[in-house]
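# Structure at a glance
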Amino acid sequence: MVFGCLLIMSMSGATYIFGIYSQVLKTSLGYDQTTLNLISFFKDLGGNIGIMSGVINEFTPPWVVLAIGMTMNFSGYFMIWLAVTGRTAKPSVWQICLYICIGANSQTFSNTGALVTCVKNFPQSRGIVIGLLKGFTGLSGAIITQLFHAFYGADFKALLFLIAWLPAAVSLIFLRTVRLMKAGKPENELKVFYDLLYISLGLAGFLMVVIVLENWLHFSRPEYIGSATVVLFLLFAPLGIVFREEFNKWKTKKEAGKHPTAVSVITESPPPPPTVEQAEARPEEKGTPWWKDVLKPPERGEDYNILQALFSIDMIILFTAITFGVGGTLTAIDNLGQIGRALGYPARTITTFVSLVSIWNYLGRVTAGFASEIFLAKYKFPRPLMLSLVLLFSCTGHLLIAFGVPNSLYVASVIMGFCFGAQWPLIFAIISEIFGLKYYSTLYTLGGGASPLGAYILNVRITGHLYDNEAMKQMAAKGLTREKGEDLSCSGVDCYKLAFLIITATTMIGCIVSFILVVRTRKFYKGDIYKKFRDEQVSEG
């Protein structure tokens, strides 16, 4: 089940390589930067508004959610491919926005079906599970890029066709594998997850080496095929761990059958009736309407219902921090290709650091997931504080882009990729810890839905608008006028300077707001937040 989830997540990050195929959209369909950023917004909107997938997952098994996701993925990106290659009449901008929104929204279905299922199956290792699975999502951009070059060479229009059929095919294979299971906590659970981490680190290291080599050497088609073969081998390497664990489990059962132990029967008296206080703490059991307790949420860590979480101050604070924080890094990543062109970087170099964003995105996710879990267990270090530190660190990358320091875009892409990746495991783990797991399928999508709002404000309304204004100024200074349908391009530091100074300021606001959540939850994180799950495991045993 975990292996299937890893493969699904490793194919569900097509939205993160928008910087590679965005130029194809812009030139093939004759868009300006504002229009391209509008399409990027709808891509982010679809990729992060997962309320529908969450609600469906509350009432259906995971395979239903995955099936809907794979259908949407193929439909959306296939229609874009048809438009870009001229196989259909040139669509209106709203149609392209709709197609990419549908295609990107499939990512929320694969995330919900795979990630939420794994978190519920391993609640005491949720930070590690989220970090590992979201890490593979972060790597997916680099993985898909390698497979693309092996399958289609340098035909970037074919990249849209690849991201239409490949993720859908992987989800189809594992539809019935991903499921909820009540198997208790294995004794070597952490060891298995660390073994999976080591394999993923090997995959990330290999991808980084290949990407750097591609920047220095011109890979031929056979060399791309060779690198893609190694990528596929490392992707399927976790099967070795799966087979090892299943064999050990079978061997243990076989030995236990040869040497049966005596079983003592313990009779227990029925539990005492609940006290008045306990009865009042469970209004749902008395038939109290759910809507009467919207403004009376339970203690942190207990199971909030959807409206209790939605109207809680903690969720409002977290939503605000995500809007300003993730919205800024998302804007930087979406515009990375255009930023590189504006600052005069070679086209091949731009492709390289756009691909490297996937590697650092992965490292940010696994680092935040594993480190936050270790720090929480050993030092009671609260996850909201780690989120505040990540937001603060991302301001460094925004400032490097704003001032266009020579050759600094390499460093900025590393910071943006790492911080963007690190934010998600922290956000999703915080939501699961504060608001419980009962309605986690829906609640975690509420947190993810904040980033498109920030992306729309910062990317479309500010960055795209300021870029086009500067481009028009440069054309006017040269005595040129823009023809209808002509690509509008800008060059120089001023193209993005003011926009990223504004983004830096808003990210600082997000950091301050996040620190408010740190203060509010400090007592909660000083306690034992996993005690409930250990007690449930003992009672089930």
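Position numbers for residues count from 1 along each chain, tracking the sequence in the order it is written. Per-residue local features of the predicted model are confined to residues with pLDDT of at least 70, and side-chain atom pairs are confined, for both listing and counting, to 80 or more; whole-chain, interface and lining totals are unaffected and use all residues. Where side-chain values are given, they derive from all heavy atoms of the structure, hydrogens and water being excluded.

Per an unreviewed UniProt entry, the protein chain carries the name Major facilitator superfamily protein and comes from Perilla frutescens var. hirtella. UniProt annotates the protein chain under Sequence similarities (unreviewed entry) with the comment "Belongs to the major facilitator superfamily. Phosphate:H(+) symporter (TC 2.A.1.9) family." UniProt positions are given in the numbering used here, feature names are shortened, and annotations may be inferred rather than shown by experiment.

Right, let's talk about the environment of proline 382 for a bit. In DSSP terms, a helix is any run of H or I states spanning at least four residues, a strand is any run of E spanning at least two, and both are numbered starting from the N terminus. If you trace the backbone, proline 382 turns up in the loop between helix 16 (347-379) and helix 17 (383-403). Expressed as a C-alpha distance, the spacing of proline 382 and arginine 522, which sit 140 residues apart in the sequence, is 7.1 Å.

Right, let's get into the pattern of salt bridges. Here, a salt bridge means any Lys or Arg side-chain nitrogen found within 4 Å of an Asp or Glu carboxyl oxygen. Applying the stated criterion across every chain yields a total of seven salt bridges. Its salt-bridge partner being glutamate 245, residue arginine 244 comes within 2.9 Å of it at the nearest N-O pair. Among the charged side chains, a network of salt bridges with common partners joins Lys191, Asp195, Arg244 and Glu245.

An α-helical turn contains 3.6 residues, so any two residues separated by three or four positions project in the same direction. Given a rise of 1.5 Å per residue, 28 residues ought to cover 40 Å, and the 39 Å separating the end C-alpha atoms of helix 20 (residues 450-477) matches this to within 8%. At asparagine 459, helix 20 is bent by approximately 30 degrees, the largest bend along its length. Looking one or two residues past helix 20, glycine 479 carries a phi angle of roughly 75 degrees, positive in sign. To estimate the expected span of a helix, subtract one from its residue number and multiply by 1.5 Å. Note on bend: at a given residue it equals the angle between the axes fitted to the 7 residues ending there and to the 7 starting there.

Quick look at the nonpolar core now. By size, the foremost hydrophobic cluster in this structure holds 154 residues, and its most contacted members are Tyr21 and Tyr440. Sort the elements by how many residues they give to this core and helix 18 (residues 409-435) lands first, with 16 residues. Residues contacting tyrosine 440, with those up to four places away along its chain left out, are Glu58, Leu115, Val116, Val119, Lys120, Ile130, Phe428, Ile431 and Ser432. Note on terminology: a nonpolar core comprises buried Ala, Val, Leu, Ile, Met, Phe, Trp, Tyr and Cys residues joined through side-chain atoms within 4.5 Å. Remark: exposure states derive from per-residue accessible area (1.4 Å probe, protein chains only) relative to the maximum for the residue type, with buried under 20%, exposed over 50%, and partly exposed in between. Only heavy atoms enter the contact rule, under which two residues are in contact if any of them lie within 4.5 Å.

Patches were defined on residues exceeding 30% relative accessible area and lacking a salt bridge, with like-charge contacts within 9 Å and nonpolar side-chain contacts (Val, Leu, Ile, Met, Phe, Trp, Tyr) within 5 Å. Each accessible area is a Shrake-Rupley result for a 1.4 Å probe, and residues are judged covered by the shown protein chains and nothing else. Residues Ile49, Ile51, Met52, Val55 and Phe59 make up a contiguous nonpolar surface patch of roughly 480 Å² in combined accessible area. Within the fold, valine 55 resides in helix 4 (residues 51-59).

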